[in-house]
Amino acid sequence: MDNVGSYLLPVFIIGGIAVLFAAYLARDVMSRDTGTPEMRGVSDLIFEGAMAYMRRQYQTIAMLAIVVMFVLGAIVYLVENEHQTDRAIVTAGAFLLGAFLSGVSGFIGMYVAVKSNVRTAAGAQKNLGEALTVALRGGAVSGFLVVALSLIGVGAIYGIVYQFAEGALPTAAETPYWIVGFAFGASFVALFAQLGGGIYTKAADVGADLVGKVEAGIPEDDPRNPAVIADLVGDNVGDCAGRGADLFESSAAEFIGAMVLGVALYKASGGADADDSLAWIFFPLLIGAVGVIGSLIGVLSIRPSVAITNPMKELNKGFFIVSALSVVGLFIVTYGVLPYGQWQFALCGVIGIATSIAFLYITQYYTAGEYRPVREIADQSRRGVATNMISGLSVGMETTGLPAVVIAGALLSSYSIGKSVDFPTDAAVSAGIFGTAVATMGMLMAAAYILAMDTFGPIADNAGGIVEMTNQPEAIRDVTDALDSAGNTTKALTKGYAVGTAALAAFLLFSAFLEEVNRFKGVGNEVERVVNVAEPKVFVGGLIGAMIVFLFTSLAIRAVGNAAGDMIEEVRRQFREDPGIMAGTSKPDYAKCVDISVRSALREMVLPGLLAVAGPIVVGVLLGWQAAAGLLMIGTIAGVLMALFLNNGGGAWDNAKKYIEAGKLKDEAGNILGKGSEAHAAAVVGDTVGDPFKDTAGPSLHVLIKLFATITLVLAPLFI
């Protein structure tokens, strides 16, 4: 076995272990009790709706991906300097493989999640600990499959292309530049999966809330609401399938970007003349593999007792176990494989882990009902919709402050520490950039566990809907309410984590873009890293990048409004034409509402998706690579801040409504202002406005940021 094989083997072994562990979890979940026939009937409706949407969505995405694959191959063939045919075939094939695995990641995870909801509801009949175990393990299937497929996918495409890649560098160092299409394919599918799923779920949710809860005055998940099944389906296609594809492309793009940056240190360490210099290229994959082991132990550590009362306490315990094991794993890998800077780069990884913890706490502060921001919005709801809106927008804007400081601190500190490492040849800047890459990889080490927590949310939400729709006893609803409350928090935390990784990854991929520019220009070791923002083309590129972020956000929110409008009219029509629905003597037409969400999501996702893909290409072709760099820099900054505003503002609005529904808001006389009060009505409107913020536009921006980077990375030769 050559040196490349010795580095890839542990990656494949641990990736295989993750797949087997996901299979074990899936089997464990599937063996659990499925509850009453009524529960199974509701679950079957959710499953059928989710599968119908996924089939239609992925057919649409597949057609788009095939077209892009041929166009991408043609562009690479026309603009590359050497080995044009080989590079075109490899880039197109890598794109298609990345797109395929991204789709598989979302589909399989969602399939198990949909099958887990009824088993979680059945577990709630026993106790909270049983229901929590089922929901977390169902979510963990998605988490481990996503990370495993990313590790195996990147390792496999590298191993295949390594057999014939040729260029100015030794083959092992040349190969990362050949496989960047894999990251672009993953980002392409993730954007449409997240965007389409977000439009679907919020069209159903807004329609169900406004007509059902506000106009008709019926509870959430009431079986009389025609949009309730579409709403429950949407939780899965948005939060499970969309987020699975999102984190797959995060992992894949960051693995490849960090491998590209490792090439500079490979050369600085002696290149082909030093056997241990290959470690710099494969270090990111090894770190990701070690993170899988830590996440696996973290999931197995969650064994709640029958008497637990706080699900979040159990979930947080698992996360801190994963973080502690990740720190240990970092030092083992750095001291085991790196020839230089072992403690420095281990410390950079620890900074990334600390950044993920900071993001979780910051997000929890701004979106949990125990703290000032959510309580402030709830209190302002007593005065009406207008003050609720003002307060929610204010909190959303405030939430950009602390995360920006944390990101800045992580980048500056990891860069300084990496830059301090001594190499045989001058590589201070490259080492500093690699330090930021290691911080990003450190943040991603917990990705499998974080995604398990995220998918836990829609499983718990669906379980509550099944319990509500089948009229289970109040004690069972109390159990699912506790899970749902924890699920709302985990979903908000995961979005904060995703924004943080997107911000660090964007800097990593921006640096990889500059490396690709210099490779194509044949600059060699004299890497050109200066992008002059005073240059008009660069300024214009940055301006257009920020504009795309705002326009994309507008189109995504408008898409929800258009789709929700169709849903509202349909729900009103059914209530109007069939009075038996409200009387409980006839059954609503759930399928009609599901179909409206499907058609609306597929129709409305196309325009913002095309804007995201075409914008960077047009700027790069017309204005050159430096303008594309400006778009990438400024677009990333605007995108990160906008995503924080949308995610946290929407989450705060949502939990302000739940704070009121829990009976925690009181008037001056001490009377509870709960469901049915004017404050609650104002909070429902605020939550409705926040829904497309936090579940459509915000999560889609995570992907947009990285799509900017992967497009510019793979098409860099076209822009020169």
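The structure displayed is predicted, hence computed values, not measured ones.

Our focus in this paragraph is the overall build of the chain. Across its full length, the chain holds 22 helices and zero strands. A compact globule built from 720 residues should have a C-alpha radius of gyration of about 27 Å, and the chain, at 25 Å, falls within 12% of that. By principal-axis analysis of the C-alpha atoms, the chain measures approximately 80 × 50 × 45 Å. Taking all 720 residues of the chain together, the buried fraction comes to 65%. Across the chain, every contact between residues at least 6 apart in sequence was considered, and the portion connecting residues at least 24 apart equals 84%. When the accessible area of the chain is evaluated, it comes to approximately 23,200 Å², of which 62% is carbon and sulfur surface. Positive and negative side-chain charges in the chain, numbering 45 and 62 respectively, have mean positions lying 4 Å apart.

As a further point, take unusual backbone geometry. Although it is not a glycine, Asn471 adopts a positive phi angle of roughly 55°. Position of Asn471 among the secondary structure elements: in the loop between α15 (447–469) and α16 (474–521).

Here Leu504 lies in helix α16. Residues Leu504 and Thr436, spaced 68 residues apart in sequence, show a C-alpha to C-alpha distance of 7.4 Å. Those residues in contact with Leu504 that sit more than four places away from it in its chain are Ile407, Ala410, Leu411, Ala439, Thr440 and Met443.

Assignment of secondary structure puts Thr712 in helix α22 (residues 678–714). Exposure remark for Thr712: the relative accessible area of 0% places this residue in the buried category. In terms of polar contacts, Thr712 uses its side chain to reach the backbone carbonyl oxygen of Ala709, at 2.9 Å. Setting aside residues up to four positions removed in sequence, Thr712 forms contacts with Phe513, Pro616, Ala628, Leu632 and Phe719.

The next subject is the environment of Phe283. The topology assignment puts Phe283 in helix α8 (residues 279–300). Along the chain, Phe283 and Asp44 lie 239 residues apart, while their C-alpha atoms are 44 Å from each other. Once you skip the residues sitting within four places of it in the chain, Phe283 turns out to touch Val333, Thr334, Val337, Leu338, Phe434 and Val438.

A word on the nonpolar core. Note on soluble globular proteins: their nonpolar side chains tend to be buried together. Residues Phe144, Phe282, Phe345 and Phe513 are the most contacted members of the largest nonpolar core, which totals 257 residues. No other element matches the 23 residues that helix α7 (residues 228–268) contributes to this core. If we ignore the near neighbours within four places in the chain, the residues touching Phe513 are Trp625, Ala628, Ala629, Leu632, Thr712, Leu713, Ala716 and Phe719.

Turning our eyes to something else, we now look at a nonpolar patch on the surface. Together, Leu9, Ile13, Ile17, Ile293, Ile297 and Leu325 make up a nonpolar patch on the protein surface, roughly 440 Å² of accessible area in all. Broken down by secondary-structure element, the contributors of at least two residues to the nonpolar patch are α1 (3–30) and α8. The element best represented in the nonpolar patch is α1, accounting for three residues. With respect to the helices and strands, the residue Leu325 is situated in helix α9 (residues 311–337). Note on Leu325: relative accessible area 31%, which makes it partly exposed.

The N-to-C vectors of helix α10 (residues 342–367) and helix α13 (residues 401–419) enclose an angle of 175°; their axes lie 9 Å apart at closest approach. Regarding the angle of α10 to α13, the classification is roughly antiparallel. In contact with Gln344, Phe345, Leu347, Cys348, Ile351, Thr355, Ala358, Phe359, Ile362 and Tyr366 of α10, α13 contributes Leu402, Pro403, Val406, Ile407, Ala410, Ser413, Ser414, Ile417 and Gly418.

Further remarks concern helix α12 (residues 385–398). Here α12 contains 14 residues, and its C-alpha end-to-end distance of 20 Å stays within 8% of the 20 Å for a straight helix at 1.5 Å per residue. Those residues of α12 lying buried are Asn388, Met389, Ser391, Gly392, Val395 and Gly396. Buried residues along α12 sit in contact with α10, α11 (372–380), α21 (625–661) and α22.

Let us look at the pattern of salt bridges. Under the definition given, this model contains 21 salt bridges. Put simply, Asp379 and Arg383 hold a salt bridge, and the shortest N to O gap is 3.4 Å. Ionic pairing is found between Arg603 and Asp566, a salt bridge with its closest N-O pair at 3.6 Å. Of the two residues, Arg603 sits in helix α19 (residues 590–604) while Asp566 sits in helix α17 (residues 536–577), which places them 37 residues apart along the sequence. By relative accessible area, Arg603 is classed as partly exposed at 43%. It is possible to trace a salt-bridge network through shared partners that takes in Asp654, Lys657, Lys658, Asp687, Asp691, Lys694 and Asp695.

For Gln574, the location among the structural elements is in helix α17. Ignoring anything within four residues of it in the chain, the contact list for Gln574 reads Pro226, Ile581, Pro588, Asp589, Lys592 and Cys593.

On to the packing of aromatic side chains. A complete count under the given rule lists 23 aromatic pairs for this structure. Plain terms: the ring middles of Tyr7 and Phe282 are 5.4 Å apart, the flat faces sit at 10° to each other, and that makes the pair stacked. One end of the pair, Tyr7, is in helix α1; the other, Phe282, is in helix α8, with 275 residues separating them in the sequence. An identical accessibility class is assigned to Tyr7 and Phe282; each is buried. Where Tyr365 meets Tyr366, the ring centres are 4.9 Å apart and the plane angle is 75°; that geometry is what we call edge-to-face. Through a chain of ring-to-ring contacts, the aromatic side chains of Tyr7, Tyr158, Tyr162 and Phe282 assemble into a single cluster. Over the face of the ring belonging to Phe47 we find Lys115, whose NZ or CZ atom lies 4.2 Å from the ring centre.

Thresholds, definitions, all that
- Residues numbered from 1 in each chain as written.
- Predicted model: local features only at pLDDT ≥ 70, side-chain atom pairs only at ≥ 80, totals over all residues.
- Heavy atoms only, no water.
- Helix = DSSP H or I, 4+ residues; strand = E, 2+ residues; numbered from the N terminus.
- Rg over C-alpha atoms; globule rule 2.2 N^0.38 Å.
- Buried < 20%, exposed > 50% of the residue type's maximum accessible area, 1.4 Å probe, protein only.
- Contact = heavy atoms within 4.5 Å.
- Areas by Shrake-Rupley, 256 points an atom, 1.4 Å probe, with all protein chains shown as cover.
- Lys, Arg positive; Asp, Glu negative; His and termini not counted.
- Charge placed at Lys NZ, Arg CZ, Asp CG, Glu CD.
- Polar contact = N/O pair within 3.5 Å; in protein donor to acceptor, adjacent residues only side chain to side chain.
- Core = buried A, V, L, I, M, F, W, Y, C linked by side-chain atoms within 4.5 Å.
- Patch = residues over 30% accessible without salt bridge, like charges linked within 9 Å, V, L, I, M, F, W, Y side chains within 5 Å.
- Salt bridge = Lys/Arg side-chain N within 4 Å of Asp/Glu carboxyl O.
- Axes fitted to C-alpha atoms, helices over the stretch in contact; angles between N-to-C directions.
- Parallel < 35°, antiparallel > 145°, perpendicular 65-115°, else oblique.
- Expected span 1.5 Å × (residues − 1).
- Phe/Tyr/Trp six-rings, centres within 6.5 Å; stacked < 30°, edge-to-face > 60°.
- Lys NZ or Arg CZ within 6 Å of the ring centre and 35° of its normal.

The analysis is restricted to geometry; functional conclusions fall outside its scope.
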